[in-house]
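Overview (structure and organization)
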Amino acid sequence: MLRTLKTKPDLSVPVVPASSATQSEKTAESPSSLCSACGFCCDGTLFDQVEISRTDAPRTLAARGAKLKREKRILPQPCSAHKNGACAVYDILPNRCKLFTCNLLAKFSKNEISFSEALATIRHAVEKIAETKRLLAESGDERAHRPLRHRIGSALASLPPVPEDPAALHSRLSLAVSQLDDALTPFSTEADKPCIKG
Ligand code: SF4
Ligand code: SF4
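Here we summarise the structure given alongside this text. (Residues numbered from 1 in each chain as written. Chains lettered and ligands numbered in written order. Predicted model: local features only at pLDDT ≥ 70, side-chain atom pairs only at ≥ 80, totals over all residues.)

We now examine the nonpolar core. Within the largest apolar cluster, 40 residues are counted, with the highest numbers of intra-cluster contacts made by Leu34 and Cys41. Of all the elements in the fold, those that place two or more residues in this core are helix H1 (31-37), strand S4 (86-87), helix H4 (103-109), helix H5 (115-138), helix H6 (148-158) and helix H7 (169-184). Here the element with the most residues in this core is H7; it accounts for six residues. Dropping the residues within four chain positions of it, leucine 34 is found in contact with Leu105, Phe108, Ala118, Leu119 and Ile122. (Core = buried A, V, L, I, M, F, W, Y, C linked by C-beta atoms within 7 Å. Buried ≥ 20, exposed ≤ 12 C-beta atoms within 10 Å, placed from the backbone. Helix = DSSP H or I, 4+ residues; strand = E, 2+ residues; numbered from the N terminus. Contact = placed C-beta atoms within 7 Å.)

Written out as structure tokens, the structure is:
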């Protein structure tokens, strides 16, 4: 079901990345304050991993607590540097993180949507994520260290489908995942169409 890894894409427009601003930059209606309320591109909701390039500082990242894998070329998500809604390695961000912005943040930055609209979109998605995780826990999956779509894929594969029974856990989880996909659509970029189911 999950043949490819979802990698934080390589985008060309640098912006303040996810949850990465210093406290002083988190002014009331800034992109950074939206990211602080979100974190989906760091916490395993949108992506499975971040690729670390040769021009990044993998040794320093590792020394600062970022848990890298595969000869320090991969930073798995949920990212070990994502702590309390912020990036603990903001000063030495991997290039992929430095260059990434989601579509929601890009629209806000271009004044195409208001701060309150963007925040409402984030809060709606937070609710859908919470509902999905609640159903995953009901299925026995409490693996908070795994990317969300992996957990969903495993749970849907292990639960018996009962299409005629909307109360069955498989049915409820499928519905929640469908609603979650919709809730995450505004975050999609041209380089990375969302699909939480993989
Ligand atoms: S998904 Fe978008 S709004 Fe959310 S933390 Fe990442 S860049 Fe910020
Ligand atoms: S290093 Fe981790 S927490 Fe920091 S911006 Fe990248 S994915 Fe997010």
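Having seen the model, we can carry on.
Quick look at H7 now. End to end, H7 covers 22 Å across 16 residues, agreeing with the expected 22 Å (1.5 Å per residue, within 8%). Of the positions making up H7, those classed as buried are Leu173, Ala176, Val177, Leu180, Ala183 and Leu184. In a view along the axis of H7, the buried residues occupy a sector of 120 degrees, so they form one face of it. Tucked inside the fold, the buried residues of H7 contact H5 and H6. (Expected span 1.5 Å × (residues − 1). Arc of directions from axis to C-beta.)

Moving on: H5. When the terminal C-alpha atoms of H5 are compared, their 35 Å separation across 24 residues agrees well with the 34 Å that a helix rising 1.5 Å per residue should span. Within H5 the residues assigned to the buried category are Ala118, Thr121, Ile122, Ala125, Lys128, Thr132, Leu135 and Leu136. Those residues of H5 hidden inside the fold are in contact with H1, H4, H6 and H7. The first or second residue beyond H5 is glycine 140, which carries a positive phi of 100 degrees.

What follows deals with unusual backbone geometry. Of note, the bond from glutamine 77 into proline 78 is cis; its omega dihedral lies within 30 degrees of zero at 5 degrees. You can see proline 78 is positioned in the loop between strand S2 (74-76) and strand S3 (82-83). One non-glycine residue, arginine 70, lies in positive phi territory at about 45 degrees. With respect to the helices and strands, the residue arginine 70 is situated in the loop between helix H2 (58-63) and S2. When the 11 C-beta atoms within 10 Å are taken as the criterion, arginine 70 is described as exposed. Although it is not a glycine, asparagine 111 adopts a positive phi angle of roughly 60 degrees. Using a count of 7 C-beta atoms within 10 Å as the deciding quantity, one classes asparagine 111 as exposed.

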